[in-house]
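Remarks on the overall topology
Here is how the chains run, residue by residue.
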Amino acid sequence: MVTPSVLGPTAERLPDVQRIAVLRANALGDFLFVLPALDALRAAYPSAEIVLLGAPWHAQLWRDRPGPVDRVLVVPPAPGIRTPEAGEPESSMDDFLAAAVGEGFDLAVQIHGGGLNSNPLISSLGARVTVGLRAEDAPPLDRWVRYVYYQHEVIRYLEVMALVGAGATTIVPTLAVTDADRAEAAQVLGPAGRPRVALHPGASDTRRRWPAERFAEVARELHGDGYEVLVTGTPSEQEVVDRVVATAGVPVRPQVGTLSLGGLVGCYADCALVVSNDTGPLHLAAAVGASTVGIFWVGNLINTANPLRSRHRPICSWTVHCPVCGVDCTPGIYPHRPGDGECPHQDSFVADVPAIEVLEAARELLTP
């Protein structure tokens, strides 16, 4: 039997569910997209313990943070699951599975990807019911939804939850900001003499990076408008942050490696605006309540852009051909179209976005 919901039919809830395992062990932005699905699961099974199968950084994020995750069980690095973090001790998948089976999960949920590697892991947990995503090359679970690449990530995971009676309660990822987050940000950044904006010019995929010179132009203009400008980045993004700072020609405050993830939460929560490439910090800023301007490649716009426009403006590049060799990069997903879809280049696919479009969106959001 099914019942109607915002996203279509929702199955009946499972009886006697005491403990739920949810596999989502990848990066920051990827994880934030599952928060509405976890909220739905919490609402449907309020007395069950929700155990996130994640990475060490997930355990750090959810330490003393209110939300739908009760506990994090760190899954070992494995192909198609996750890569090891720096300095992480070695761990055995066999030992992990033995301990996980002993947890006695009633329900195991795979919202980690297409399932080629993750569905066998979920099936090995010994849960009474398994549910999740399934690409064409992946083994089935007890209940599954087909993984189709072009779908908004939030909706993708909510469809999975509907298979076990967990109807959507929101489509907006929201992460609680703690006193410890704000205290760390205040200790590092000090009091704000002006309203703050933050720019994040990095991204792990260089094809998603807007040129540093454009970020510098935005920094220069917003500083002239009376804002204190922070430039955030990870240690691997030091070079691009340095280029923005050097090119801006006005006082800006680089923040590379100065804040923990919790401190970054506190920092963004108190910013009037965050301007960023399509990467984890952009989605983190939105989840903690900041207004955002994001620079997106069109394919990622479909899958990850925030759907709200009162506080968020995604600026889109429509580039689909490699800017170096001209290869059409869509046939990898649409194989019947001309072109081979593959090339070795990693040049930006969003460099055609003009700074004025980002500035106009930023000023509109900053205007009371």
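Notes on the structure in this doc start here. Every chain is numbered independently, its residues counted from 1 as its sequence is written. Two thresholds apply to this predicted model, a pLDDT of at least 70 for residue-level local features and 80 or more for giving and counting side-chain atom pairs, whereas whole-chain, interface and lining totals are computed over all residues. For the side-chain quantities, the full set of heavy atoms in the structure was used; hydrogens and water were omitted.

Before going further, it helps to spend a moment on the sheet that holds strand β9 (residues 196–200). With parallel pairing, six strands are arranged side by side in an open sheet as β11-β10-β9-β12-β13-β14. The open sheet terminates on both sides in strands that have one partner only, identified here as β11 (253–256) and β14 (312–317). On average, each strand axis in the sheet is inclined to that of its neighbour by 20°, with strand direction left out of account. By definition, two strands form a pair when at least two bridges between them are found by DSSP. Secondary structure elements are defined from DSSP: runs of H or I of at least 4 residues count as helices, runs of E of at least 2 residues count as strands, and each element is numbered from the N terminus. Across four bridges, the pairing between β9 and strand β12 (residues 273–277) is parallel. Bridge pairing in β12 places H200 opposite S276. Any two residues having at least one pair of non-hydrogen atoms within 4.5 Å are treated as being in contact. Lines fitted to C-alpha atoms define the axes, with helix axes restricted to the stretch in contact, and inter-axis angles between N-to-C directions lie between 0 and 180 degrees. Relative to the sheet, helix α9 (residues 238–248) contacts β10 (228–233) and β11, its axis offset from that of β10 by approximately 160°. Those strands touched by helix α11 (residues 280–287) are β9, β12, β13 (292–297) and β14, and its axis lies near 145° from that of β13.

It is worth spelling out the side chain of R82 at this point. Looking at the element boundaries, R82 is found in the loop between β5 (71–74) and α4 (93–102). The buried category is assigned to R82, whose relative accessible area is 8%. A distance of 2.7 Å separates a polar atom in the side chain of R82 from the backbone oxygen of V75. Residues in contact with R82, not counting those within four places in the same chain, are A25, G54, A55, P56, V74, V75, P76, P77 and E88. Partly exposed describes any residue whose relative accessible area lies between the buried limit of under 20% and the exposed limit of over 50%, with all areas from a 1.4 Å probe on protein chains only and scaled to the type maximum. By the criterion applied in these results, polar contacts are pairs of N or O atoms within 3.5 Å in which, for protein atoms, one can donate a hydrogen and the other can accept it, and in which residues neighboring in sequence qualify only through two side-chain atoms.

Any aromatic ring pair is given by two values, namely how distant the centres are and how the planes are angled relative to each other. For Phe, Tyr and Trp, rings pair up if their centres lie within 6.5 Å, where Trp contributes its six-membered ring, and each pair is then called stacked (planes under 30 degrees apart), edge-to-face (over 60) or tilted (otherwise). A complete count under the given rule lists six aromatic pairs for this structure. Note on F31 and W57: the rings are 6.0 Å apart at their centroids and 90° apart in plane angle, and the pair reads as edge-to-face. Here the residue F31 occupies a position in helix α1 (residues 28–32), and W57 occupies one in helix α3 (residues 56–61), the gap between them amounting to 26 residues. What makes F31 buried here is its relative accessible area of 0%. With a centroid separation of 5.1 Å and an interplanar angle of 80°, the aromatic rings of W210 and F215 are classed as edge-to-face. Since its relative accessible area comes to 1%, W210 is described here as buried. In textbook terms, an aromatic cluster arises when at least three aromatic residues are bridged by ring pairs, as seen for F31, W57 and W62. Whether a charge sits over a ring comes down to the Lys NZ or Arg CZ being within 6 Å of the ring centre and within 35 degrees of the ring normal. Directly above the ring of W144 sits R134, whose terminal nitrogen or CZ lies 4.7 Å from the centroid.

Here six strands make up an open sheet; going across it, the order is β5-β4-β3-β6-β7-β8 and the pairing parallel. One side of each edge strand has no neighbouring strand; the edge strands of this open sheet are β5 and β8 (143–146). Adjacent strand axes in the sheet meet at a mean angle of 20° when their direction is disregarded. Here strand β6 (residues 107–110) pairs with strand β7 (residues 129–134) via four bridges, running parallel. By the bridge assignment, Q110 is partnered in β7 with G132.

Among buried residues, the Ala, Val, Leu, Ile, Met, Phe, Trp, Tyr and Cys ones that are joined through side-chain atoms within 4.5 Å form a nonpolar core. I20 and L41 are the most contacted members of the largest nonpolar core, which totals 57 residues. With six residues, the single largest contributor to this core is helix α2 (residues 35–44). Not counting residues within four places of it along the chain, the set of residues in contact with I20 comprises L41, Y45, A48, E49, I50, V51, F105, L107 and V109. Counting residues in hydrophobic clusters, the runner-up holds 37 residues, among them A219, L222, Y227 and L273.

Bringing the state of the cysteines into the picture now. Defined by distance alone, a disulfide is two cysteine sulfur atoms within 2.5 Å. Enumeration over the complete set of coordinates arrives at zero disulfides. You can see C267 has no disulfide; the closest cysteine sulfur is in C271, sitting 4.3 Å from it. For C267, a relative accessible area of 3% puts it in the buried group. Lacking any disulfide linkage, C329 is separated from the closest cysteine sulfur, that of C343, by 4.6 Å. Overall, C329 belongs to the partly exposed group, its relative accessible area being 23%.

A separate point is the pairing of β13. Taking burial as the measure, the six residues of β13 include six buried ones, the bulk of the element. On β13, burial covers both faces: T292, G294 and F296 on one face and V293, I295 and W297 on the other are all buried. Note that β12 and β13 share four bridges and pair parallel. Its bridge partner lying in β13, V275 is registered against V293. If you view a crossover with the strands going away from you and the path from the first strand over the helix to the second runs clockwise, you call it right-handed. Each parallel crossover has a hand, and the one from β12 via α11 to β13 is right-handed. Strand direction decides the pairing type here: β13 and β14, joined by six bridges, are parallel. Among the inter-strand pairings, F296 is bridged to a residue of β14, identified as C316. Handedness of the β-α-β unit built from β13, helix α12 (residues 298–304) and β14 comes out right-handed.

Spatial relationships are all this shows, so hold off on functional conclusions.
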